[in-house]
Amino acid sequence: MSELFDAVDALVASRSPLPPAVERKRLRTAHGLTLDEVAAALDVRRATVSGWESGKTEPRGPEREAYARLLRQLAELYPAPDEPAAPAASAPAPAQARPVSTGPASETVAGTVTEHPQPPVAPAAPASEAAPRSSRTARPSSTSRRPGAQKPAPAGSPADVADPRFVNGPLAVVDVEDGQVLAYCTGGLILDVPAKSLPSLVDWTLKEAKLGQPRLSGPGKDGDPLLVLTEAALERYGLPVTLADDERLAGRIPESHKVVRQLVRAEWKLTKRGLGPWARIYRPAQGSDRQCVQLCIPSWHALGTRHWGEVGQLAPSELARVLGVFASRVMTPRGSTAVTGLELMTALHPPTRASEPDADGKRHSEHNPGSLGRDPVDPAPCEAPDGHPLLKDLPRFYVRGPAEKLFEEAYDWARPMTDAECTLRHLVGIDVNMAFAAGANGLTVGLGAPTHVKAPVFDPKLPGSWLVDLSHVDLSRVKVGKDKWADLDAALLPSPFTPKGDRPKGPAWYATPTVAYAAELGYEVTPVEAYVRYENGRYLDGWYNRLRDAYLVTMADLGVHADLSPEDFLAAMDGYKDRDPELAIVVSAIKATVKGGLGKLRERPRGEGWRPGEPWRALSRPTWRPDIRAAVISRTRINLHRKIVKHAAFTGQYPVAVLSDCVVYAANGESPLDFLPYRDGKPLPGGFKLGINPGLVKHEGTQSVLWGEEVRERFTAPELNLARYIKDGTVTDADNGE
């Protein structure tokens with residue numbers, strides 16, 4: 001009889017009801033789970049889970065029962081959001097809004113999301129269809145609450161469900177026109193602002209403006225509304241248009257300022273940054289009720305020109321479009337692009353989540369698996385930068401060597417040209433798209449504290465720092481495939497193990513990707529000691545995916561698509577910034593968010609009366625993780641070297657200079673197609689490939705060989721790094737960051 005019961009149970013399990021495919025993905029992302037984590041738990045392949053979520057396939061047998069059980073538990077934690085009821089036609093709106101007169105009906109920036117899943121990247125309306133080119137255009141006297149039409153989502157994209165709490169978008173640019181305070185929102189919407197003071201502006205924003213952004217992950221928090229104050233708005237609310245020298249150095253206006261006193265009297269608080277270029281005004285949260293508004297003040301240099309260009313000089317409607325597109329595709333800016341990049345990591349992997357209900361039915365805050373947690377973690381001594389409290393006992397001015405300090409940085413290498421290269425006509429630079437983002441993709445990093453191990457056996461899957469001698473690795477003979485070796489001219493190649501490309505001279509500290517590459521080249525590695533992290537995971541995957549999608553969609557809006565042929569890709573990249581200068585600013589900000597966010601993982605002290613050996617403010621963050629930064633840079637450098645070796649083994653061509661993610665080759669033609677090997681339109685496997693995706697390359701610039709020799713002769717520097725100047729040929733001391 002028990003066998004019959006087992007058969008019945010198996011039959012029922014084989015037909016376990018499952019929610020629709022879209023709901024399956026919503027539940028997974030709401031809990032912050034990756035496809036890999038679900039696949040590992042169910043003992044299936046990642047592609048299998050992806051097929052279940054797309055509806056292309058359905059689980060069977062015991063996998064179906066286990067998958068249904070997982071989804072049932074997630075559905076209890078994250079119920080499907082109710083469809084908002086359509087408002088009655090006569091119901092008054094809390095904030096009065098006007099559409100901008102642009103001739104045709106204005107179009108909103110799509111991409112508002114459901115409450116829990118990570119929002120999809122939003123399409124941007126073309127410049128001609130979005131907000132007007134000038135903030136001074138006349139508006140009709142009618143007061144419709146939204147623009148006349150919304151831009152439809154592109155074909156194949158998931159349907160976006162508007163969050164009724166944030167129907168007016170994530171942010172607004174506050175300006176004054178003809179004595180009336182106006183809030184320019186995304187999509188061309190304009191709200192009349194009744195607030196007469198900064199405290200009342202904050203109140204209006206939280207109670208009536210319906211600004212903000214839904215959380216990017218299930219356990220996370222909704223994005224606070226952002227107000228961008230123009231110079232006219234600053235004057236209206238009693239704030240200085242520019243900061244005095246002492247205020248600029250302090251990064252804030254004094255607490256004695258009348259506007260700060262107004263906020264205090266209204267029982268609003270400021271964070272430790274005070275009222276500066278990026279200010280946060282808040283009241284302590286009451287349960288789930290969060291009251292916080294962020295200010296961005298461009299005339300106080302909140303939007304640095306290095307990454308945001310001249311965005312601060314745009315008309316309010318144009319500024320709202322630029323920041324709105326960035327917010328919908330990345331996140332609402334939280335400060336500089338570096339701060340935003342770091343905050344995006346936390347928003348996608350919040351440190352805590354709600355626990356299961358206890359005996360009394362109450363939930364409590366608990367550690368969110370896969371996150372960095374709430375508490376900071378000390379680095380290993382070799383990972384600590386100079387001046388860290390772990391090194392306070394070192395003598396003053398002591399310089400640590402490679403055997404004492406982990407030094408994983410990007411390439412800065414060059415060599416003299418050979419006689420054969422001097423006979424060629426051109427120097428052609430190629431640049432890896434989003435190189436550091438690509439380095440973070442799929443990378444396993446440490447989540448917890450390091451463990452010190454003596455004489456360990458190297459494990460390429462275990463993140464950490466390894467003391468090992470790699471001086472025996474000979475680049476003149478390396479492994480380039482399974483049982484396939486190549487003979488190369490090692491004198492023309494940079495070493496993959498040092499940023500300057502010099503061959504190591506003894507034991508040194510390296511991150512896991514660097515040591516793994518030595519083994520990949522066919523050489524044994526025998527670490528002396530290591531600091532490894534047994535608690536680890538692919539912490540940066542969601543961060544990479546969010547920024548990659550933002551970059552690709554924005555470049556597609558500029559006419560550069562991922563499926564172009566090499567020739568069409570080069571043509572599309574030519575002058576792409578001129579097609580829509582505002583979206584070009586968004587691209588620049590996205591790329592800066594990648595580099596800046598990784599840089600913040602090892603933020604150094606900035607003034608603050610700091611002395612070597614004393615802690616500085618950034619050390620109190622759980623996201624101060626120099627080991628993660630080192631691992632990403634290590635993998636990025638190794639990815640580049642692997643392509644260089646593949647290219648050299650196949651073509652016999654060697655780089656003349658390498659700078660970070662740019663490589664320069666001598667060639668007879670001006671185009672990358674004149675030296676990159678393509679057969680029937682297909683690139684060399686494992687080598688350089690032209691395209692817009694992260695990890696692929698684009699044309700950085702071309703100069704003549706005579707130019708390169710003249711520059712080196714002028715500066716009496718035969719190894720001057722020409723990659724630094726290949727873009728436009730102008731020789732300066734500054735790296736443009738590309």
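Below: a short report on this structure. (Residues numbered from 1 in each chain as written. Predicted model: local features only at pLDDT ≥ 70, side-chain atom pairs only at ≥ 80, totals over all residues. Heavy atoms only, no water.)

Remarks on the packing of aromatic side chains
One pair of aromatic rings is described through two measures. These are the centre distance and the angle between the planes.
Line of reasoning, step 1. Across all of its chains, the model carries 10 aromatic pairs by this definition.
Line of reasoning, step 2. Both rings, one in Phe458 and one in Trp466, keep their centres 4.8 Å apart while their planes meet at 75 degrees; by these two values the pair is edge-to-face.
Line of reasoning, step 3. Of the aromatic side chains, those joined through ring pairs into one cluster are Trp610, Trp616 and Trp624.
Line of reasoning, step 4. Taking NZ or CZ as reference, Arg283 lies 3.7 Å from the ring centre of Trp268, over its face. (Phe/Tyr/Trp six-rings, centres within 6.5 Å; stacked < 30°, edge-to-face > 60°. Lys NZ or Arg CZ within 6 Å of the ring centre and 35° of its normal.)

A look at the sheet that holds strand S14 (residues 451-454)
Strand pairs in the sheet, formed through backbone hydrogen bonds, run parallel or antiparallel to each other.
Line of reasoning, step 1. Strands sit in the order S14-S19-S15-S18 across an open sheet of 4 strands; the sheet is antiparallel. If you trace the sheet from one side to the other, it starts and ends with S14 and strand S18 (507-511), each paired once. Sheet twist, expressed as the average angle between the axes of neighbouring strands with direction ignored, equals 20 degrees.
Line of reasoning, step 2. With 4 bridges joining them, strand S15 (residues 464-469) and strand S19 (residues 529-532) adopt antiparallel strand pairing. Pairing of Trp466 across the sheet is with Ala530, part of S19.
Line of reasoning, step 3. Sheet strands touched by helix H15 (residues 512-520): S15 and S18. Its angle to S18, the strand with the most contacts, is close to 110 degrees. (Pairing = 2+ DSSP bridges. Helix = DSSP H or I, 4+ residues; strand = E, 2+ residues; numbered from the N terminus. Axes fitted to C-alpha atoms, helices over the stretch in contact; angles between N-to-C directions. Contact = heavy atoms within 4.5 Å.)

Looking at the nonpolar core
Line of reasoning, step 1. Counting 111 residues, the largest nonpolar core has Trp308, Trp543, Met555, Ile590 and Phe688 as its most contacted members.
Line of reasoning, step 2. Setting aside residues up to four positions removed in sequence, Trp308 forms contacts with Leu303, Val322, Leu323, Phe326, Thr337, Ile585 and Ala589.
Line of reasoning, step 3. With 35 residues, the next largest nonpolar core counts Ala195, Leu198, Leu211 and Trp268 among its residues. (Core = buried A, V, L, I, M, F, W, Y, C linked by side-chain atoms within 4.5 Å. Buried < 20%, exposed > 50% of the residue type's maximum accessible area, 1.4 Å probe, protein only.)

Quick look at the packing of helix H11 (residues 316-329) against helix H19 (residues 581-600)
The packing of two helices is summarised by the inter-axis angle and the distance between the axes.
Line of reasoning, step 1. Packing of H11 against H19 leaves a shortest axis separation of 9 Å and a crossing angle of 40 degrees. Looking at the two axes, H11 sits oblique to H19. Crossing geometry of H11 relative to H19 is assigned as right-handed. Between H11 and H19, the contacting residues are Glu318, Arg321, Val322, Val325 and Phe326 on the first element and Glu582, Leu583, Ile585, Val586, Ala589, Ile590 and Thr593 on the second. (Parallel < 35°, antiparallel > 145°, perpendicular 65-115°, else oblique. Left-handed = near helix turned anticlockwise from the far one by under 90°.)

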